[in-house]
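What follows is the residue order along each chain.
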Amino acid sequence: MIIAIDGPAASGKGTLGKRLADHYGYHHLDTGLLYRAVAAQVLDEAGMVDDPESAIAAAQNLRIERLDPVQLGRPEIAEAASRVAAMPALRAALVAVQRAFAAKKPGVVLDGRDIGTVICPDAEVKIFLVADPEVRARRRAAQLGAHDAEAFARILDDIRRRDERDIHRAAAPLRQADDARLLDTTALDIEAAFRAAVDIVDERR
Ligand code: C5P
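All values reported here derive from a predicted model rather than from experimental measurement. (Residues numbered from 1 in each chain as written. Predicted model: local features only at pLDDT ≥ 70, side-chain atom pairs only at ≥ 80, totals over all residues. Heavy atoms only, no water.)

A. Summary view of the side chain of Gln41. Along the chain, the position of Gln41 falls in helix α2 (residues 32-44). Overall, the relative accessible area of 19% leaves Gln41 in the buried class. Here Gln41 is in contact with Ala58 and Asn61, once residues within four sequence places are set aside. (Helix = DSSP H or I, 4+ residues; strand = E, 2+ residues; numbered from the N terminus. Buried < 20%, exposed > 50% of the residue type's maximum accessible area, 1.4 Å probe, protein only. Contact = heavy atoms within 4.5 Å.)

Here's what the structure looks like:
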């Protein structure tokens, strides 16, 4: 069983993906971490974020069992990740590792932007997770312990810019797969979003 969760930045995909994976005893991969790890390595080596060769070289060194969400959580890494993610050659280089993960038994949860559309088009369950940008920014600010108005404005700006880039890029743009269920968590807390997602999965099991 493959559960694909896609959606815009800070929509709670990672948290929901982990909860679902724990609930069903499945493996979980936050695919955003792959793009973040590539971006982090390019930045570390003072490489140019818009150079496909640096990005592909970084992708070849990836160890998916060693991705550290805390280290990769920084806003400048997120921004660089969305730039490297627009490169078709880098996306192509990351397909095999994601599909190999998706074949794990007894099941997997993958979250990202193109899981239901490109990586696992045959996933049994597809959820497209959305929430208003302000609500997403508020949740991300709380997560980062950022309580001032300036930090909130910066986070909101970052979310909007990344969404814009992810939606309008030519390669695997962010969009809801035709057979994905829309889950809007604007008015839901994590617990309610989790229960709604479990209902969607259980309907298919
Ligand atoms: O999900 P997260 O915010 O960690 O992703 C960072 C960036 O990686 C996104 O802004 C997006 O550009 C890219 N990404 C992607 N496809 C995925 C997962 C993430 O393009 N499947």
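B. A look at the site of the ligand. Taken together, the neighbourhood of the ligand is formed by 15 residues, with Arg36, Arg91, Arg113, Arg162 and Asp166 sitting nearest. At 2.6 Å, a side-chain N or O of Asp166 approaches an oxygen atom of the ligand. For the ligand, whose unbound accessible area comes to 450 Å², protein coverage reaches 96%. For the shell around the ligand, the elements supplying multiple residues, two or more each, are α2, α4 (75-84) and α9 (149-168). Here the shell around the ligand gets three residues from one element, more than from any other, and that element is α2. Partitioning the shell around the ligand into residue classes produces three nonpolar, four polar and eight charged. (Near = heavy atom within 4 Å. Polar contact = N/O pair within 3.5 Å; in protein donor to acceptor, adjacent residues only side chain to side chain. Areas by Shrake-Rupley, 256 points an atom, 1.4 Å probe, with all protein chains shown as cover. Nonpolar A, V, L, I, M, F, W, Y, C, P; charged D, E, K, R; others polar.)

C. Quick look at the pairing of strand β4 (residues 125-130). Here β4 lies mainly inside the structure; six of its six residues are buried. Two strands pair when backbone bridges link them, and β4 and strand β5 (residues 181-184) are joined in this way by four bridges, in the parallel orientation. When the sheet's bridge partners are listed, Ile127 is paired in β5 with Arg181. (Pairing = 2+ DSSP bridges.)

D. Broad picture of the packing of helix α1 (residues 13-24) against helix α10 (residues 190-204). Look at α1 against α10: their axes get within 10 Å of each other, and the N-to-C directions meet at 55 degrees. By the criterion of interaxial angle, the relationship of α1 to α10 is oblique. Every pair of crossing elements has a handedness; the one defined by α1 and α10 is right-handed. Along the contact surface, α1 presents Thr15, Leu16, Arg19, Leu20, His23 and Tyr24, while α10 presents Ile190, Glu191, Ala193, Phe194, Ala197, Val198, Val201 and Asp202. Here the contact of α1 with α10 is built from residues that sort into nine nonpolar, two polar and three charged. (Axes fitted to C-alpha atoms, helices over the stretch in contact; angles between N-to-C directions. Parallel < 35°, antiparallel > 145°, perpendicular 65-115°, else oblique. Left-handed = near helix turned anticlockwise from the far one by under 90°.)

E. Representation of the side chain of Gln98. With respect to the element layout, Gln98 can be found in helix α6 (residues 95-102). Gln98 gets classed as buried once you look at its relative accessible area, which sits at 0%. Of note is the side chain of Gln98, whose polar atom sits 2.8 Å from the backbone oxygen of Leu94. Excluding residues that lie within four positions of it along the chain, Gln98 makes contacts with Thr31, Leu34, Tyr35, Leu110, Ile115 and Ile119.

F. Broad picture of the packing of α2 against helix α3 (residues 52-60). In the contact formed by α2 and α3, the axes pass within 9 Å of each other and the chain directions differ by 115 degrees. Along this stretch, α2 crosses α3, giving a crossing that reads as right-handed. Seen from α2, the contacting residues are Val38, Gln41 and Val42; seen from α3, they are Ser54, Ala55, Ala58 and Ala59. Of the residues belonging to the contact of α2 with α3, the class tally is five nonpolar, two polar and no charged.

G. The arrangement of the sheet that holds β5 in detail. Strand order in the open sheet formed by five strands is β2-β3-β1-β4-β5, and the pairing between neighbours is parallel. Edge positions in the open sheet fall to β2 (27-30) and β5, since each of these has one partner strand only. Within this sheet the neighbouring strands show an average axis-to-axis angle of 20 degrees, counted without direction. Sheet topology note: the strand β1 (residues 2-6)/β4 ladder contains four bridges and is parallel. Across the sheet, the residue bridging to Ala4 is Lys126, located in β4. Against the sheet, α6 contacts β1, β2 and β3 (108-112), and its axis sits at roughly 150 degrees relative to β3.

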